[in-house]
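# Secondary and tertiary structure notes
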Amino acid sequence: SFSLSGTVMPPPEEEQDDDDVVEENEAADAAAATKKKRKKKKKKAAAAETPDCPPDVAQLMAQLPSNLTISTMASVAAPLVSEALPEIVASGLKEASANLGIPLPQGQDEFAWMVSDEGWTDITDDVDITVKSMKLGDMLQADGFRLDDAMSAIEIGDKKMDAGHDRASMMTLEKAKADGLVHGNVSNEEMITIFDMFVMYYHLWLDGNSLAQTIFVCAYLHDMEGLVRPQPLLSCVADGFITCCRLALQYISMVPTCDEEDGVFQNYGFSLELGQKEAEVLADIATQMQALGTSPAEAALKHRLSLLSEYLKALVAFQPLSNPPEGKKNLGQARVMDAMRKCMNKCMDDLPKIVSSLELGKSEARACFDPSINRTRLVPGPPRDVHPIQDLAEAYTAFLTHLQAFAFVCDRQRGLIPKQEDSWSRFCCFQRELSDKHPNVLIRAIAPVAFLTDEGRLRGMLLRSLQEFCLPPIEDCQRHMEKEWKEFLKTFDVVFRTVVNVGFEKKSREHRRLRHLFYDMDDLQRDAHVLDTKLNDVFAQNMKVSRPARDFVFDQALGLMVQYLWLGFELDLYDDCELHMVYWFADYMLGLRVYTQKSLQAQLEQVAAQGSKKKKPGARQPPKATNPKNPSLQLQVLMALQNVVRGIFRLLILAKTQRLTRVSRDQERTMPARFDLRFRCFDAFHLPHQLLYEDFAKNASISDSLEDSLNVLEFAQEALKDGVDILDKLLAQEGQGDPATWAVAIAQAGPDGLRGLKKVAVANQLAVRILRQALVQASQSPTPLDKLPVKATLATVHHPFLVSVTVQPG
């Protein structure tokens, strides 16, 4: 359809003098005022001449402009299907025809074609007629028409875009009452199902859906005073879940780790304020629990009310941390987290009893939950449909996962790990484990608050980790170099607080924010260099290593870069044609980390060895060691990971050279752009050598000769074998020593640990052997082959970010 109006906009004319323009504007204003007075007189006369019209029609005609156009008449009159409609349409069309000079179609019913069965008007023919008399640059528009409005217009009647489409099929409170879906006497069996549906929709809300499509799809909540308040049991359940939503929304909205992409957190006109305090809601729940009897249905309701009560107590207990009093430093984080953990234990104890009593519910009570009841409240646009979990046992299993993640966060902060034993590497391990549990938005909001509000815990962890890199005693740094130390700590705290928040975000947003974090890490690296210079001036020969602060910052930045690369696999950002490029870059990053930690540990061993021997005067200083005799567990895992990555990179190069994997010419041409897109963000952090695409092309190019191919396979096999040897040694020692140290080391290998890493290495070793046999057989063939008679497939079957190459005949 096209909106037709009687206003024709001519093309712009030649420029005029300013005086002429002013005179023309004054004349136009005077003419417009005279025309407006004439319109008012015509309206009054038209209203006086139509005394027999119905009141609504007379009122409508009085509001219509005198120069009524076809489009205006159709848009106003079409929704009002009444007896006087043909007369109004006829009057408007005749006047529009006279104004525009457009001949109207003739026939037995000359105006019936204007109004369709659905109340809409097709004006295509009129537009076709009008176009014949228009010139280039003319435009048909109504008064007040704006192109901006047209760009953001809604397709009225479209099922996906029109929120009010098909209103007859939407559920309303009146319809629910008439059909008996809601009533004032909810039975215990119905209450069981209603409670279970609330749990399911609460979980879906925490997964990112809106309140209007989850909790408030319950028709009872649309009449709190008439339907809910007279029923105490239903009232306490509704108040409990609404209070949980309010507290959860309060915690979610106060942290930077949650954004619009994490969920729809608008209320859509629903109020979460009940006029009751949390203690009153908990008291009502306790009262209803005492009032219940001993029948199976009442016993099932007791377990459900206990679950709601304990969960709400956990959220209430977190309030002091979410809104700490001004100036108060000790908030008792361990005590708060311990109380929340006890509540989670009770919730998880109630869940099996609740699931075993699901059959006691009345399935007909599900009908009072209808998402269409809030369809008109949603913003115009494509609806984000929420698919409810039909099996309520699955809903409680998903809710159990939420409770377990909640308990995991509480355990980290409730004092099980003494502050003096906590370290930054242990905290990073905790973040990875929590991320693998796929926490919802509430858990990712509570975790950073619980950690960052603990005064001094973050700085203490970081300083202890700095001292592992041989930083001099903190007291000496503060006493001898106060200015440089304070400046470094200021940037240090800000950057690592950002690192903490980024680690608790969704993986997609974490991937985006890491790109910007490398700039902050580079600033911190410069401050660390200034601090190291001052440390060497002050402590001179007493320094065990020359760059403790810079080495720590450098190691952490490299860890974040490798994490950024691995996130690309989890988010499925890479094509097969660029995997060898990603592994090449990862090999370089891992190599820098291994070199940094090797140098540090070798120097520490050397210092310890020299300290046990008496120094002879005039003796020469031994050269600095680069390889430690007893590398740490974390260093060994990094070395194994680097070897496996290097072996995969060489194997992928051979597969590409021998055309065992499909790489189109277009993909080959885009490789420089892909390199820039994937790794440009790393230029923000100064590395010993900034890698370029030319470096990659040089390292990845080999000839397809038999000798070069066999050499590449030999190098790949050697790297994979070195990785497997280290992993076998670690697996034989697994469980010996400090469990926390092992957990930190194993976290470097990925979610599947050392065994998952070994599976990848063994699978690729098998691919190397098959390819070597295929190359040897092809070289012995009497006729030269253009391509090996095998094909290679890549898949992350054994590891989330390391591919296993499978070679098959083909």
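This text gives an overview of the structure that appears in the document.

What counts, and where the lines are drawn
Residues numbered from 1 in each chain as written. Predicted model: local features only at pLDDT ≥ 70, side-chain atom pairs only at ≥ 80, totals over all residues. Heavy atoms only, no water. Helix = DSSP H or I, 4+ residues; strand = E, 2+ residues; numbered from the N terminus. Buried < 20%, exposed > 50% of the residue type's maximum accessible area, 1.4 Å probe, protein only. Contact = heavy atoms within 4.5 Å. Areas by Shrake-Rupley, 256 points an atom, 1.4 Å probe, with all protein chains shown as cover. Patch = residues over 30% accessible without salt bridge, like charges linked within 9 Å, V, L, I, M, F, W, Y side chains within 5 Å. Salt bridge = Lys/Arg side-chain N within 4 Å of Asp/Glu carboxyl O. Core = buried A, V, L, I, M, F, W, Y, C linked by side-chain atoms within 4.5 Å. Expected span 1.5 Å × (residues − 1). Pairing = 2+ DSSP bridges. 1 Å grid on protein atoms, 1.4 Å probe; cavity = no way out; pocket = protein on both sides within 12 Å on 5 of 7 lines; lining within 4 Å. Points joined across faces, edges and corners; volume = space filled by probe spheres on them. Nonpolar A, V, L, I, M, F, W, Y, C, P; charged D, E, K, R; others polar. Disulfide = S-S within 2.5 Å.

Counting its secondary structure elements, the protein chain contains 30 helices and 4 strands. Looking at the protein chain as a whole, 46% of its 810 residues qualify as buried. Within the protein chain, contacts between residues separated by at least 24 positions form 79% of all contacts whose residues are at least 6 apart in sequence. Counting every atom, the protein chain has about 41900 Å² of accessible surface; 51% of that belongs to carbon and sulfur.

Another aspect to go through is a nonpolar patch on the surface. Among the surface-exposed residues, Met139, Phe145 and Leu147 lie close enough to one another that they form a single nonpolar patch of about 270 Å² accessible area. Here Phe145 lies in the loop between β2 (139–141) and α6 (147–151). Owing to a relative accessible area of 35%, Phe145 belongs among the partly exposed residues under this scheme.

Here we come to the nonpolar core. Judged by nonpolar contacts, the single largest core of 227 residues is most densely connected at Tyr202, Tyr311, Trp424, Leu442, Tyr583 and Leu802. Ranked by residues supplied to this core, first place goes to helix α24 (residues 633–657) with 16 residues. Filtering out sequence-adjacent residues up to four positions away, Leu442 remains in contact with Tyr202, Leu206, Ala248, Tyr251, Ile252, Tyr311, Leu315, His402 and Phe406.

With that out of the way, let us pick up the pattern of salt bridges. Within the structure shown, the criterion is met by 28 salt bridges. In this structure, the salt-bridge partner of Arg229 is Asp239, at a minimum N-O distance of 2.9 Å. Remark: Asp239 occurs in helix α10 (residues 232–252) and Arg229 occurs in the loop between α9 (224–228) and α10; sequence separation between them is 10 residues. Residue class for Arg229 comes out partly exposed when judged on its relative accessible area of 28%. Asp239 gets classed as buried once you look at its relative accessible area, which sits at 2%. Via salt bridges that share partners, Asp575, Glu578, Arg674 and Arg678 belong to a single interconnected network.

Our focus in this paragraph is α10. When the terminal C-alpha atoms of α10 are compared, their 30 Å separation across 21 residues agrees well with the 30 Å that a helix rising 1.5 Å per residue should span. Counted residue by residue, α10 has 19 buried out of 21 residues, so it is predominantly covered.

Going residue by residue along strand β3 (residues 790–795), you find Val790, Ala792 and Leu794 tucked away on one face and Lys791, Thr793 and Ala795 left uncovered on the opposite face. Relative to strand β4 (residues 804–809), β3 runs antiparallel, the two sharing 6 bridges. Within β4, the position partnered with Val790 by the bridge is Pro809.

Attention now moves to empty space enclosed by the protein. Within the structure shown, the criterion is met by 3 cavities of 30 Å³ or more. Forming the walls of the largest cavity are Asp576, Cys577, Leu579, His580, Leu652, Ala655, Lys656, Thr661, Val663 and Leu794. Breaking the lining of the largest cavity down by element, the ones donating at least two residues are α23 (579–611) and α24. Tallying contributions element by element places α24 first for the lining of the largest cavity, with 3 residues. Taken together, the residues that form the lining of the largest cavity break down as 6 nonpolar, 2 polar and 2 charged. Reported here for the second largest cavity is a volume of approximately 60 Å³. In this structure, the second largest cavity is lined by Phe195, Val199, Tyr202, Phe241, Cys244, Leu307, Leu308, Tyr311 and Phe399.

Relative to the assigned elements, Gln288 resides in helix α11 (residues 278–291). Under the relative-accessibility criterion, Gln288 is labelled buried at 17%. Apart from residues no more than four positions distant in its own chain, Gln288 is found in contact with Pro232, Leu233, Cys236 and Leu305.

Its location among the elements puts Gly332 in the loop between α13 (319–322) and α14 (333–356). C-alpha of Gly332 to C-alpha of Pro320: the two residues are 12 residues apart in sequence and 9.0 Å apart in space.

What follows is about the state of the cysteines. One pass over the full model with this rule turns up 0 disulfides. Not engaged in a disulfide, the cysteine Cys347 finds its nearest cysteine sulfur in Cys343; these two sulfurs lie 6.8 Å apart. Look at Cys347 and you get buried, because its relative accessible area is 0%.

So, on to unusual backbone geometry. Even without being a glycine, Cys470 presents a positive backbone phi close to 70°. Locating Cys470 in the fold gives a position in the loop between α18 (457–468) and α19 (474–480). For Cys470, a relative accessible area of 10% puts it in the buried group. Backbone geometry at Asp572 places phi at a positive 60°, although glycine is not the residue there. Tracing the sequence through the fold places Asp572 in the loop between α22 (548–570) and α23. The class of Asp572 is exposed, set by a relative accessible area of 64%.

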